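# Observations on the three-dimensional arrangement
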Amino acid sequence: MDAILNCRPDDLEDYYSLLECDELSTVEQILAEFKIKALECHPDKQPGNPKAVEDFQKLQQAKEVLTNEESRARYDYWRRSKITIPFQQWEALSSSVKTVGGVQVWAFRSRGSQCIGLSKIRRTKCWKLLT
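Residues numbered from 1 in each chain as written. Predicted model: local features only at pLDDT ≥ 70, side-chain atom pairs only at ≥ 80, totals over all residues. Heavy atoms only, no water.

On a plain count of helices and strands, the protein comes out with 7 helices and 2 strands. Listed by position from the N terminus, the elements making up the protein come as α-α-α-α-α-α-β-β-α. Taken across its 131 residues, the protein has 26% of its residues classed as buried. Contacts in the protein between residues far apart in sequence, at least 24 positions, make up 47% of those at least 6 positions apart. Looking at the protein as shown, the accessible area adds up to about 9,600 Å², and 55% of this sits on carbon and sulfur atoms. (Helix = DSSP H or I, 4+ residues; strand = E, 2+ residues; numbered from the N terminus. Buried < 20%, exposed > 50% of the residue type's maximum accessible area, 1.4 Å probe, protein only. Contact = heavy atoms within 4.5 Å. Areas by Shrake-Rupley, 256 points an atom, 1.4 Å probe, with all protein chains shown as cover.)

Here the structure, examined in full by the defined rule, presents 8 salt bridges. The salt bridge involving Glu 13 is made with Lys 58; its shortest N-O contact spans 3.0 Å. Taken as a pair, Glu 13 in the loop between helix 1 (2-5) and helix 2 (15-18) and Lys 58 in helix 4 (residues 52-66) lie far apart in primary sequence, 45 residues in all. By relative accessible area, Glu 13 is classed as partly exposed at 31%. The closest approach of N and O atoms between Arg 74 and Glu 91, which form a salt bridge, is 2.7 Å. With a gap of 17 residues between them, Arg 74 in helix 5 (residues 69-81) and Glu 91 in helix 6 (residues 87-93) connect regions that are remote in the sequence. (Salt bridge = Lys/Arg side-chain N within 4 Å of Asp/Glu carboxyl O.)

Before going further, it helps to examine the confidence of the model for the protein. Taken residue by residue, the protein gives an average pLDDT of 79. The fraction at 70 or more is 65%. Within the protein, no element has a lower average pLDDT than strand 2 (residues 103-106), which sits at 55, and none a higher one than helix 3 (residues 27-41), at 94. (pLDDT = per-residue confidence, 0-100.)

Take the packing of aromatic side chains next. Inspection of every chain in the model, using the stated rule, returns 6 aromatic pairs. Both rings, one in Tyr 15 and one in Tyr 75, keep their centres 4.8 Å apart while their planes meet at 15°; by these two values the pair is stacked. With Tyr 15 in helix 2 and Tyr 75 in helix 5, this residue pair connects regions lying 60 residues apart in the sequence. Take Tyr 15 and Tyr 75: they sit in the same class, and that class is buried. By the ring-pair criterion, three or more aromatic residues cluster together here, those being Tyr 15, Tyr 16, Tyr 75, Trp 78 and Phe 87. Taking the ring centre of Phe 34 as reference, the NZ or CZ of Lys 63 above it sits at 5.1 Å. (Phe/Tyr/Trp six-rings, centres within 6.5 Å; stacked < 30°, edge-to-face > 60°. Lys NZ or Arg CZ within 6 Å of the ring centre and 35° of its normal.)

Right, here's the structure in full:
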């Protein structure tokens, strides 16, 4: 939680910048940029660099997100929202964040919400299990 609360805009990874492309780049362009960057920063090519593995993993993460249509759409939405939490944590929390009237709000499931839609007898049993 501290990582989220103490996050600054400068701390956020920009996948497009990592791969030296932009939002209009095609999947083929992104893959081509990834191959060039991967050859440059592969850990095997930099045995003395302790950050090489971490940098290469970030590059792979950027490629995975930007070459998947659904992930890329979520990433672009997160990027445009200017929310100052890392994308991975935003994605993990996205099931708790809903957009209502153009505003993002926290929406937590109540303990009994999983009992809704059950028959009266089953709903009663469900409530008893939860309390």
